[in-house]
Structures are given as structure tokens and as C-alpha cells.
There are 2 protein chains.
Amino acid sequence: MSSRPLTGLRIVECASFVAGPSGCLALGQLGADVIKVVPLGGPADQYRWPLAPEGESLYWAALNRGKRSLAVDLRSHAGKELVTELITTDGPDAGLLVDNVAGSRWLSYEELSARRPDLVHLHVQGHPDGRPAVDYTVNADVGIPTITGGADARGPVNHVLPAWDLLTGMTAATGLLAALREREKTGRGSYLELALADVATSGVANLGWLAEAEQRGGPRPRHGNHLYGSFGVDFTTRDDAHVMVVALTPGHWRGLCTATGTSEVFAALEQALDADLARESDRYRLRETITAILRPWFAERDLAEVADRLETGGVLWSRYREMDEVVAAHDRSETPSVLTRVNEPGIGRTVAARPALRSGGSYGEASAAPRHGEHTHQVLAEVLGLADHQIGKLHQDGVIDADPR
Amino acid sequence: MSSRPLTGLRIVECASFVAGPSGCLALGQLGADVIKVVPLGGPADQYRWPLAPEGESLYWAALNRGKRSLAVDLRSHAGKELVTELITTDGPDAGLLVDNVAGSRWLSYEELSARRPDLVHLHVQGHPDGRPAVDYTVNADVGIPTITGGADARGPVNHVLPAWDLLTGMTAATGLLAALREREKTGRGSYLELALADVATSGVANLGWLAEAEQRGGPRPRHGNHLYGSFGVDFTTRDDAHVMVVALTPGHWRGLCTATGTSEVFAALEQALDADLARESDRYRLRETITAILRPWFAERDLAEVADRLETGGVLWSRYREMDEVVAAHDRSETPSVLTRVNEPGIGRTVAARPALRSGGSYGEASAAPRHGEHTHQVLAEVLGLADHQIGKLHQDGVIDADPR
């Protein structure tokens, strides 16, 4: 695969917040031309945290890298007509729309497919019935927060990562490409709907967790950082570093015992407790005992020695890092990584991610985010073939914003 | 899009645990024929928790629904040759491989593409340099656990959802379809690599979190269930239900104030503190105060009344449910949902997820998982054109397991 296999494809994005934009970011990183339609006043999430000191949104810039910005008055008839033309314009590589706009008649598949029958329209929503939802509400809805954190936790513990948003975005990207392939074979377009709540519900179901909860007649127990059904937990070193150590397979377990010199202790324990610690279920059942036996080994050693011994022993582990350390480690590293730096308008030189998918051993590049309306003129001229005076008129009439802030 | 647009496509899966199998599950739900190659002794994760009372893995069944199982002795030359033929067999809709096998020469792109130059091979790995990693170690690596949980949390708080695994799976699905589209246009195959660690690093970078951490020179503060940079937190009702309430937009905020009858209180607070609570950053800055003012309203009401008032007011909220309640709610519901029930061999009638992507308003179906080697005979006959006596010989020689357990 070339690093940009979707080059030539044109996708119109009418979406805000994380899900839709992250899916279109992925398609753009694969080469697609993503035209992001934003209202004249700016998108709803344009100042979402985290912010740069000057007030620009680091979040918005990161999720919209490499897209083209078309700023249009979406309340005006002329503005709606422009966007409709953009979405339904001819061409085998056009006619692709991702939106998360609720209840907008003019942006409905019905209206749009009347103009272009083979349109592929993917609509991202909160609940499948159209009710709004966000990552933090659907996560509560599917039961994750009540099994997160320690047994001593009072009430639910929310995750901070908008995991369902990111997964919804990538599911949308997969769905769009599947529908496009079908259109290329049959000529048929399609209307796809994807609800954040359904991604979350199927996500926990696909791990077997819903089936288990039904059998238990309740949630599984909470146990902090222990890995459910196997052995994995955090330890603290003498110099106060935290490390996560995992033993999923018999090989991992042997490596951990060897590295920590505990093979005999655990052999004795297996005898005494009639257990076979090569089996996940026994490691899980005895997790507290195993942890108690291992804890001193970590507490008596500094991270450097712990790291050396665990690496030598082939143990599956990692140090808990802060995010600034992740960036610092990238800056120190000589080998190319998924991180790079881009010059972000209004923000400056900032760390940015390249596509995680590597082709032929190398990473693709990362781009800056567009300024508001940066590509309005370019897109109207190039895609809709409007002449400068027509674009100028639209600007005068306040239908578009063609001057980058 | 038909509910199975990828029908006819044949993908060979040589992968275990969550990432690879979840990506192939998604492609299978879109219609692809996913042939899962498993070693004679069974895959490494075949007994991973959660387990059914009889010992079958609910996790494994859920992640492998609708796939065909081919059980082969992967250490024998004959077995490797069979799988190689299966992967490299002719046909425009074949020649697609997803694997997460580390350091296996015979399963390398080099060896396989020598047999089929236009092969599309997607290799899932832990770290980009090939070192092993799992969700729980990469999550520690990118800094999420140190910003999860309350300010009082001692040490890191792991998430329980293998979010990076699921996102890696769906990223793999997107990458495979992008590479396939390129092959269909140019005839070129490709070798794609996708590291769990890179998906996690780019995931936090794409939210602007790494850029922020660098600017702060450290991690952002932990604050429990508060939504970062806006207003969202959990409340407890008089009857001890927990609800998550979110006000991302000015509209959400107005709705929340109206529903709880606090508009005047907050107007006075804005005056007194020179704040504009229509602005996210002010809601975030004053989150503790806002929460303290709202808490009694929830504490004085039962869930039924809270739900009624919040719904009427158009507030963005959800109750925290346990997973068994999610299943019970599905069973009570009359409208089709993303959940359904399937008869699972060795497990019985169990709850299962249908594809979250809806086409033309309806959900696709869910299938049972294959039994070990259930399709060995069928696949060898149909795909490789082997005669019964040849398959029988392979069975006698212990190269394949063709008898479903």
C-alpha cells in the first residue's frame, strides 16, 4: 500500500466533537481529501479543551489535521445549496458524506440522495433513536464505571479516555470504505447510521462481558488494577516508579518468576494450595497472594534494576509514564516514531501524531489543521467550478467566509 | 449498502487476543468470509475469562462470531504449507491476511508475497519494533492511568476496557479495506504494520493531550468523574441511583439550569464571581461550586422524578447501569436493538451483539462462534479443492483437526 492509498477520494465532513472528525482524520491520513464544512461562527467544538496559551484548541487542531476548511452560513438557503452541491457533485470518487447533525432536513439522506442516488452517507448519532448521547453518558449506560477502580471506590469511576468516541470514528471509517467498495461494484449508494451507544453496547458484548453479567446476575467484582481473569497488576519500585506487570501466558508467568527469582517460592505455594500457576484461572484466583509475594522484590529495587531484570527475563511490563514524558521520550529518540512535530497556525510548533498504520515499514506524515475558512475559495473554485467574481459575491452576501482568520 | 457489502471477500485470520480478532469480526459482520486458523491444541486465548459455567470462554465466543475455524498443526511443514496455500490462493477477493504472530518466518510477508505478489498482509504487533505489549501495558505507557480517578487516588488507576485493543482492531479493518481498494485499482499488494502502542500514542495525541502535557510540563490534574474542560459529573439520587450529567454546550447548560430550577441561583453566582457559565471554561473553573449547588436537587429526589425532569428539560444525562441491567433492558424492549441472542455451542442461548453499523435503518444479524476445527474439512475442500481422501490423509497424519469437539 502506498502511504496514501485513498488519494483522489473526496469526503465531505459535517461533524463536530470526537467521533466523526476522528474517523475522517483517519481517512484523510490514508489520502482522502476531507472537506470539513464549518458554520460561519465556527464549529461548536472549536474552543474545546485542552487550549494553547493563546486560546486556540489543541484538541480541535489535533482532530482536524490535513482537512480543508469550508466556512459557510448554514442557516441561509444559499449556504445550504452550496454544501448540497458539494456533497452531491458528480464523480466516482465523490458523493461521500459523514455527518453528526441531528434532525436537519436539508442534510438528510432523503434530500441528498434525490440529487445523487449513489451517495454514500454515514450518519453518526448518540442513541439509535436519535436521542443525544456522548462518550461519558454511554459509558455510564453500559456499566464500565461500576467495575472500574478499587473495591473501596465509592460510586462509579469514569474513564477519562473517550474510548467509545474514538472507536465510533474508526467504525465509521470502516463502514464508509465497505459501502464505497459496494458502490464501486454495484453502483448502489447507501445510508449508514452508527450510534455511539450501539458501539459501546456491542463493544462490551464483544468481550463476553454482557453474557457474563447475565450469568452472574450482577456486575463482576471491582479489583483496582488487577487484570481480570489472569495475572496483571501494578507495583511500586524503591525509587517510587510505578510499573504494570502482566502474565497472560504460561511463558509470561515463567519469565516473571525467573526474573524475580521466585520460582521456588511459587512452586511451594502451588503444592501448599493445590494450584497450578501456569493456569490463568489459578493466577487470577491467587492474585492477591502472588502480588504480596512479588511486592517486596519491586520495593527493594530502583526502576533501573527492575527494568533491566524484567527486560532480560522477557517479562511483559511497562512503566507508568506521564504524558509529558511520552513527548520527551520521542524528542530524545533517534528512530522515527508515530509522533512528529508540525507548525500549527496560532499555536506554534507542536507535537502531533502521524498515522499509526505503517506501510512498507514507514509512517505517513502529519499535517497542520486548517484555519477557519482557509480553503473556502479553493474548494468552491476547484470542486464547484465557481469563478472568482461568483465567490466574491457569495462573500459579500455573507454566505461564506473566505478570509482565513 | 446491503447489510453484508463485503460478501465474497475471503480473509485469513492468524490472530489471538482482542485486537486482530475484533477487527476481523467487524469485517466478517460486513459480509467477509473470515477463516480463523487455530493450532491443533487450540488458540492461546481459548479459555480466556469470562467463562461460562461449563468452562467455555464467553470472551472467545463473542470475538469470533461467524468466523470459520480451520484447525492445523502449525509446527508441521505440511500444516504450514496448507495455511500458506490458503493465504496465497488465487482470486481477486482472496489474498488477504491479518496476523499477530511474532517472528514467524513462514508467515512473513516476504515468504508469502513470493507466492502471491499482490497479497495484502496486515500485521498487528505490540510495539513498532516488535517487542510485545498488551492493552494494559500500553495504557500505562501513554499516561492515561495517572489522570484517571480522584485527586485522592493513590497511584495509577487502570481502565478496565481494553480500549486500545478494540481501536487497533477497527484501525486494522480500515487499513485492510484501504489497501484492498488500492489493489483493486493498481494491482499492487501491500504489507501493513499496526502497533498497539502506536494506536495508543496517536490516540492521546489526536485529542491534543500530548501537546497539552508538554505545555504544562506535566500531567493535567486528576479530578474524578468531572469532565475535563467543561461541565459533567455524577450525582446520587435519593434512592441511591447514580446519574452522569453533562453540559457541553450553552444549550445543554440552559437545559440543566431549567430542569433543576437553578437558573436564578446561577445568574446570581455569575454576577458575584464575574463568570459566564454559558462558557465551557467558566463551567469547568467553577465545576465544584456548580456541583455543590446541584447536588441537593438530586439528593432530594428519586430517580423516577429526576429522570422525568431531566428528559423534559432536554438534559444530556444517563443513569449508571450494571451490565446485567443492560441485558435485562434489551429483553424488555420491543424495538430491535444492537443486542440479540444466539445459541452458542457448549454455552447455550446467550446474549450477543449485532453489528453497530446500521444500513437502511436495520441491524445485521449475529452468528455463533465456530467450534474448534468445525470448518477444516469444508475450507480445505472448497478453497483448496482437496478431495475427501486427501483431507482424510491429512487427518490421519495429524496435520489437521477436522472433527469438531
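Details of the structure are given in the entry above.
Definitions and limits used
- Residues numbered from 1 in each chain as written.
- Chains lettered and ligands numbered in written order.
- Predicted model: local features only at pLDDT ≥ 70, side-chain atom pairs only at ≥ 80, totals over all residues.
- Heavy atoms only, no water.
- Buried < 20%, exposed > 50% of the residue type's maximum accessible area, 1.4 Å probe, protein only.
- Helix = DSSP H or I, 4+ residues; strand = E, 2+ residues; numbered from the N terminus.
- Pairing = 2+ DSSP bridges.
- Right-handed = clockwise from strand over helix to strand, strands pointing away.
- Salt bridge = Lys/Arg side-chain N within 4 Å of Asp/Glu carboxyl O.
- Least-squares fit on C-alpha atoms with pLDDT ≥ 70 in both.
- Contact = heavy atoms within 4.5 Å.
- Axes fitted to C-alpha atoms, helices over the stretch in contact; angles between N-to-C directions.
- Parallel < 35°, antiparallel > 145°, perpendicular 65-115°, else oblique.
- Left-handed = near helix turned anticlockwise from the far one by under 90°.
- Nonpolar A, V, L, I, M, F, W, Y, C, P; charged D, E, K, R; others polar.
- Polar contact = N/O pair within 3.5 Å; in protein donor to acceptor, adjacent residues only side chain to side chain.
- Buried area = accessible area lost by both parts, 1.4 Å probe.

Residues and elements named next belong to chain A. Here strand S4 (residues 96-99) shows a buried face lined by Leu96 and Val98 and a second buried face lined by Leu97 and Asp99. Of the strand pairs in this sheet, S4 and strand S5 (residues 120-125) are connected by four bridges, and their pairing is parallel. Pairing of Asp99 across the sheet is with His123, part of S5. For the segment spanning S4, helix H4 (residues 109-115) and S5, crossover handedness is right-handed.

Now for the pattern of salt bridges. Summed over the entire model, instances satisfying the criterion amount to 62 salt bridges over all chains. The salt bridge involving Glu382 of chain A is made with Arg68 of chain A; its shortest N-O contact spans 3.1 Å. Taken together, the residues span a long stretch of sequence, with Glu382 of chain A in helix H15 (residues 376-382) and Arg68 of chain A in strand S3 (residues 68-72) at a distance of 314 residues. The exposure class assigned to Arg68 of chain A is buried, which follows from its relative accessible area of 11%. Several salt bridges share partner residues, and in doing so they unite Asp93 and Glu184 of chain A together with Arg181 and Lys185 of chain B into one network.

What follows covers the relation of the copies chain A and chain B. Rotating chain A by 180 degrees about the axis while translating it 0.0 Å along that axis superimposes it on chain B, leaving an RMSD of 0.0 Å. The transformation relating the two chain copies, once decomposed into turn and shift, fits a two-fold axis. Of the C-alpha atoms belonging to chain A, the one lying closest to the rotation axis is found on Thr174 of chain A, 2.3 Å away. Looking at the interface residues of chain A, 100% of them are also at the interface in chain B, so both copies use one shared face.

Here we come to the packing of helix H10 (residues 263-273) of chain A against helix H12 (residues 287-299) of chain A. All names here are of chain A. Contact pair H10 / H12: the axes reach a minimum separation of 11 Å and the direction vectors enclose 155 degrees. The orientation of H10 with respect to H12, classified from their angle, is roughly antiparallel. Crossing of H10 against H12: the hand is right-handed. Only Thr289, Ile290, Ile293 and Leu294 of H12 make contact with H10, whose side of the interface consists of Val265, Phe266 and Leu269. Taken together, the residues that form the contact of H10 with H12 break down as six nonpolar, one polar and no charged.

Turning our attention to the environment of Asp302 of chain B. Residue and element names in this part refer to chain B. Relative to the helices and strands, Asp302 resides in the loop between helix H12 (287-299) and helix H13 (303-312). When its relative accessible area of 29% is taken as the criterion, Asp302 is described as partly exposed. Separated by 66 residues in sequence, Asp302 and Thr236 place their C-alpha atoms 9.3 Å apart. With residues near it in sequence (within four places) discarded, Asp302 still touches Thr237, Arg238 and Asp239. For Asp302, the side chain forms a polar contact with the side chain of Arg238, separated by 3.0 Å.

It is worth spelling out the sheet that holds strand S8 (residues 242-247) of chain B at this point. All names here are of chain B. With antiparallel pairing, the three strands of this open sheet are ordered in space as S7-S8-S9. Two strands bound the open sheet, and with one partner strand each, they are strand S7 (231-236) and strand S9 (316-319). Neighbour-to-neighbour, the strand axes of the sheet open up by a mean angle of 15 degrees, direction not taken into account. The strands touched by H12 within the sheet are S7 and S8, with S7 carrying the most contacts at an inclination of about 35 degrees. Sheet strands touched by H13: S8 and S9. Its angle to S9, the strand with the most contacts, is close to 155 degrees.

Contacts between chain A and chain B engage 132 residues on the former and 133 residues on the latter. Taking both sides of the interface into account, the surface hidden between chain A and chain B amounts to around 11400 Å²; carbon and sulfur atoms contribute 66%. Counting the surface chain A buries against chain B, the share from its top three residues, Trp49, Met323 and Arg358 of chain A, is 8%. At the surface where chain A touches chain B, the tally comes to 14 salt bridges. For Arg321 of chain B, the salt bridge goes to Asp141 of chain A, with nearest N and O atoms at 3.4 Å. Along the contact surface separating chain A from chain B lie 37 residue pairs in polar contact (both at pLDDT 80 or more). Residue contributions to the side of chain A that touches chain B peak at 17 residues, all from helix H6 (residues 163-186) of chain A. Tallied by class, residues from the side of chain A that touches chain B come to 77 nonpolar, 31 polar and 24 charged. With three bridges joining them, strand S6 (residues 190-195) of chain A and strand S12 (residues 357-359) of chain B adopt antiparallel strand pairing. When the bridges of S12 of chain B are listed, Leu194 of chain A appears paired with Leu357 of chain B.

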